[in-house]
Amino acid sequence: MVPIPSHPAILVEAETFDDFGGWTMDSQFDLEMGSPYLLAHGNGVPVADATTVIHTSPGLYYVWVRAKDWVPGHHPGRFSLMVNGKPLDREFGANDKDWSWEYGGAVSLEDKTRLTLHDLTGFCARCDAIFLSQEADAPPPEAGRAWRRALRGLPREPVEIGHFDVVIVGGGIVGSAAALVSARLGDRVALLHNRPVLGGNGSVEIGLRPRGVTGPLIDEISQRHPNGDLYAENLLRAEPTASLFLEHTVYNTTTDAIHSGALSTVDNPTVSGSRILSVDARDARTGREIRLAATSFIDCSGKCILGLLSGAETLFGQESKSEYGESLAPTVGDDYTHHGNTLFFRTRMADSPISFPKLPWATEVAKDFSNLSGQLVKPGIENGPGPVVAPSNGNADISVRGRMKGPLTHFWEYGQRLDPYTHGEHIRDHLLRAIYGTFSNVKTVSKYANLELEWVAYVAAQGEFRRYKGDYILTETDIRSHKQFPDAVVKNDGAFCLHYPGDKDAKYDFRLKYWEWDERDKKPYDVPFRCLYSTNISNLMMAGKHISVTHIAGSNTKFMGNGAQHAIATAAAAHLCKRHNTTPRKMQDYLPELKQLCIQMTGLGDTNTKNGGVKSISKL
């Protein structure tokens with residue numbers, strides 16, 4: 001157990017500041033690095049100060065700040081801490097270390113203290129927490145959640161907030177669809193999402209549009225306000241049986257088996273026949289932890305989060321050609337992701353020259369790349385053009401196969417050979433360096449003197465993670481042959497969309513080598529319900545890109561519109577599980593009722609008809 005200081009000590013989490021100023025709270029790596037933090041994302045322009053006032057006992061305090069030098073040797077993200085208007089004699093984020101406690105000095109304080117985070121660069125300074133102690137000892141290296149909870153006076157155990165018919169994790173297009181269907185069926189549903197806005201890869205933070213099969217419900221969710229935000233939140237807030245928990249990260253599960261809790265992506269422990277009883281989630285801003293119990297759970301996170309916390313069987317990487325006889329599969333399988341993460345951005349021409357510095361720490365990654373095409377025009381519209389400085393030098397030429405002509409938005413991609421669960425922040429930061437370095441290269445050309453960065457995302461569009469193993473694993477051959485399944489509940493559509501990263505020694509490692517876009521026969525196909533529930537966690541269903549499919553098949557089922565169809569089916573199944581007091585696997589006994597309910601909720605027609613009334617968006 002980590003000792004709690006017996007002397008007066010104060011822990012100030014950056015996300016609890018009274019006024020963020022121009023800083024933004026970044027909570028996407030909570031499970032990876034241990035906490036949300038404040039990020040100074042100014043695209044080279046220092047952001048406004050973040051401030052807060054705390055109450056202290058008069059005396060001498062030693063000050064420690066948890067920060068990160070995100071490019072060691074260059075220190076692009078530096079900031080200072082001012083205490084009552086006076087800066088400490090240290091620049092934070094410049095110690096060549098990953099997340100660590102940095103000593104800032106000793107200060108004399110009275111009963112009220114004003115703390116100010118002052119950004120010095122505009123290039124992603126980050127502050128996690130400030131520790132003030134009347135003893136000179138640094139925070140213990142193992143200082144984790146228990147230590148933080150005790151210093152902040154938070155309960156040791158999550159607060160139980162009740163029992164729901166269904167708990168859904170992940171508030172993208174997929175999770176929003178599942179929650180809306182559950183609410184409209186009259187079920188008491190809780191939706192947990194770790195971002196401040198709904199939509200996931202379709203949100204205003206990222207901006208993709210749903211592809212694959214859509215339909216009335218997904219169209220309703222995907223409407224956008226003038227600021228680009230989706231209608232999803234408004235629709236859910238209007239439902240009396242829906243509870244929405246934004247900025248809540250699920251970090252633990254309780255099951256009726258021995259295994260519970262710790263996220264494991266390496267050992268992937270399994271517990272045969274276990275059942276989830278409840279999930280624990282943490283509020284990013286307050287640190288308050290809650291526990292939600294339910295009859296059914298649906299994972300729409302795209303990351304198998306509930307499965308990894310509960311010991312579900314999962315799949316990873318791509319299978320070999322011999323395993324399932326898939327034409328697009330490689331001769332030898334592998335265990336890494338082929339679809340990495342992407343950062344979107346947008347540039348514009350200003351009315352006058354805009355300066356931008358040379359960035360050696362960014363061009364280490366970008367090198368001489370000077371092609372800014374593939375921009376997000378606005379939320380929902382991708383693949384925008386951008387400045388191309390030197391096509392004759394190869395910067396504009398990307399070798400592609402199939403229909404795709406590049407470079408497009410998703411050619412800005414990285415992380416395929418890294419663990420997406422433990423290297424997410426590094427992947428995002430690498431892409432930031434690629435974008436900033438490329439922009440810096442373009443700015444050296446006189447005709448682009450007025451060019452400026454209008455927007456650069458700091459939240460990455462998520463690529464590939466683990467996939468669940470269900471009672472059936474859908475394959476490429478099943479899709480191409482339009483295999484008929486007795487438990488077909490919804491249809492999917494669109495092309496096989498496979499991303500292939502460059503070689504390990506590729507000059508531009510943030511660009512895809514090529515992109516396979518195989519439209520097959522352009523007809524919808526059936527998805528069996530057996531792909532939508534865990535094979536060994538009895539009350540856990542899943543929807544979206546992590547359903548039970550091979551890597552090749554998943555290159556099509558991953559589309560947000562397709563995933564939303566899975567979501568509708570799982571929400572309908574959860575409703576029937578409650579009605580019949582049964583489990584997803586036992587839905588095989590109620591297939592006519594399940595199919596009819598799916599037809600009713602999708603509004604797309606009978607899944608057994610030739611086209612199923614499917615509305616498909618499969619074009620880029």
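- In the annotation of an unreviewed UniProt entry, the protein chain is listed under the name dna, SC111 and assigned to Aspergillus oryzae.

**A few points about the confidence of the model for the protein chain**
Then comes step 1: Here the protein chain averages 91 in pLDDT, while 91% of its residues score no lower than 70.
Then comes step 2: Considering only residues more than four positions removed or in separate chains, one finds that residues 259-272, a stretch of pLDDT under 50, has 43 contacts.
Then comes step 3: A low-confidence stretch, residues 607-620 (pLDDT under 50), is modelled with 48 contacts involving residues beyond four sequence positions or located in other chains.

**Brief notes about the pairing of strand β23 (residues 496-501)**
Then comes step 1: Burial analysis of β23 places 6 of its 6 residues in the buried class, which makes it a mostly covered element.
Then comes step 2: Where burial is concerned, the two faces of β23 agree: the one with Phe496, Leu498 and Tyr500 and the one with Cys497, His499 and Pro501 are both buried.
Then comes step 3: Note: β23 against strand β24 (residues 512-518), 6 bridges, orientation antiparallel. The partner of Pro501 across the bridge, within β24, is Leu512.

**Brief notes about the pairing of strand β15 (residues 248-255)**
Each regular strand displays side chains that alternate between the two surfaces of the sheet.
Then comes step 1: Among the 8 residues that make up β15, 7 are buried, leaving the element largely enclosed by the rest of the structure.
Then comes step 2: By the bridge criterion, 7 bridges tie β15 to strand β16 (residues 276-283) in an arrangement that is antiparallel. Within β16, the residue paired with Thr249 across the bridge is Arg282.

**Focus on the packing of helix α3 (residues 173-184) against helix α12 (residues 560-580)**
Then comes step 1: Between α3 and α12, whose axes approach to 8 Å, the crossing angle comes to 30°. With respect to each other, α3 and α12 are oriented roughly parallel. The two elements α3 and α12 cross, and the hand of that crossing is right-handed. Residues Ile173, Val174, Ala177, Ala178, Val181 and Ser182 of α3 lie in contact with α12, whose contacting residues are Met560, Gly563, Ala564, Ala567, Ile568, Ala571 and Ala572.
Then comes step 2: Class assignment of the residues belonging to the contact of α3 with α12 gives a composition of 11 nonpolar, 2 polar and no charged.

**What about the domain arrangement of the protein chain?**
Then comes step 1: Along its sequence, the protein chain is carved into domain 1 (9-152), domain 2 (159-319 + 469-478 + 529-617) and domain 3 (345-456).
Then comes step 2: Measuring nitrogen to oxygen at the nearest pair gives 3.0 Å for the salt bridge that ties Arg211 to Glu382.
Then comes step 3: Taken together, the residues that form the side of domain 2 that touches domain 3 break down as 6 nonpolar, 3 polar and 5 charged.

**With respect to the environment of Glu452**
Then comes step 1: Mapped onto the elements, Glu452 comes out in strand β20 (residues 451-456).
Then comes step 2: Look at Glu452 and you get buried, because its relative accessible area is 18%.
Then comes step 3: Side chain to side chain, Glu452 and Arg348 meet in a polar contact 2.8 Å long.

**Describing the pattern of salt bridges**
Then comes step 1: All chains considered together, the criterion is met by 44 salt bridges.
Then comes step 2: For Arg282, the salt bridge is made with Asp30, and the minimal N-O distance between the two is 3.3 Å. Taken as a pair, Arg282 in strand β16 and Asp30 in helix α1 (residues 30-33) lie far apart in primary sequence, 252 residues in all.
Then comes step 3: Of the charged contacts in the structure, one is a salt bridge between Glu289 and Arg149, with a shortest N-O distance of 3.1 Å. Residue Glu289 is found in strand β17 (residues 289-299), and its partner Arg149 is found in helix α2 (residues 145-152); the two are separated by 140 residues along the sequence.
Then comes step 4: Here Glu289 falls in the buried class, since its relative accessible area comes to 5%.
Then comes step 5: According to the relative accessible area criterion, Arg149 is buried, its value standing at 17%.
Then comes step 6: Look at the salt bridges and you will find they share partners, linking Asp26, Lys68, Asp98, Arg126, Glu425, Arg428 and Asp429 into a network.

**A few points about unusual backbone geometry**
Then comes step 1: Positive phi values are uncommon outside glycine, yet Asn43 reaches one of about 50°.
Then comes step 2: Within the element layout of this structure, Asn43 appears in the loop between β3 (37-41) and β4 (50-55).
Then comes step 3: Residue Asn43 is classed as buried on the basis of its relative accessible area of 15%.

**Quick notes on the nonpolar core**
Then comes step 1: By size, the foremost hydrophobic cluster in this structure holds 137 residues, and its most contacted members are Val167, Tyr436 and Leu594.
Then comes step 2: With 30 residues, the next largest nonpolar core counts Leu38, Phe79, Phe92 and Leu117 among its residues.

**Things to note about the side chain of Glu413**
Then comes step 1: Looking at where Glu413 falls in the secondary structure, it is placed in the loop between α8 (360-366) and α9 (424-442).
Then comes step 2: Notably, Glu413 is buried but unbridged: the nearest opposite-charge side chain belongs to Lys558, and the N-O separation is 7.4 Å.
Then comes step 3: Within the structure, the side chain of Glu413 is placed 2.7 Å from the side chain of His499, a separation counted as a polar contact.

Cut-offs applied
Residues numbered from 1 in each chain as written. Predicted model: local features only at pLDDT ≥ 70, side-chain atom pairs only at ≥ 80, totals over all residues. Heavy atoms only, no water. pLDDT = per-residue confidence, 0-100. Contact = heavy atoms within 4.5 Å. Buried < 20%, exposed > 50% of the residue type's maximum accessible area, 1.4 Å probe, protein only. Helix = DSSP H or I, 4+ residues; strand = E, 2+ residues; numbered from the N terminus. Pairing = 2+ DSSP bridges. Axes fitted to C-alpha atoms, helices over the stretch in contact; angles between N-to-C directions. Parallel < 35°, antiparallel > 145°, perpendicular 65-115°, else oblique. Left-handed = near helix turned anticlockwise from the far one by under 90°. Nonpolar A, V, L, I, M, F, W, Y, C, P; charged D, E, K, R; others polar. Domains from an automatic or database assignment. Salt bridge = Lys/Arg side-chain N within 4 Å of Asp/Glu carboxyl O. Polar contact = N/O pair within 3.5 Å; in protein donor to acceptor, adjacent residues only side chain to side chain. Core = buried A, V, L, I, M, F, W, Y, C linked by side-chain atoms within 4.5 Å. Lys, Arg positive; Asp, Glu negative; His and termini not counted.

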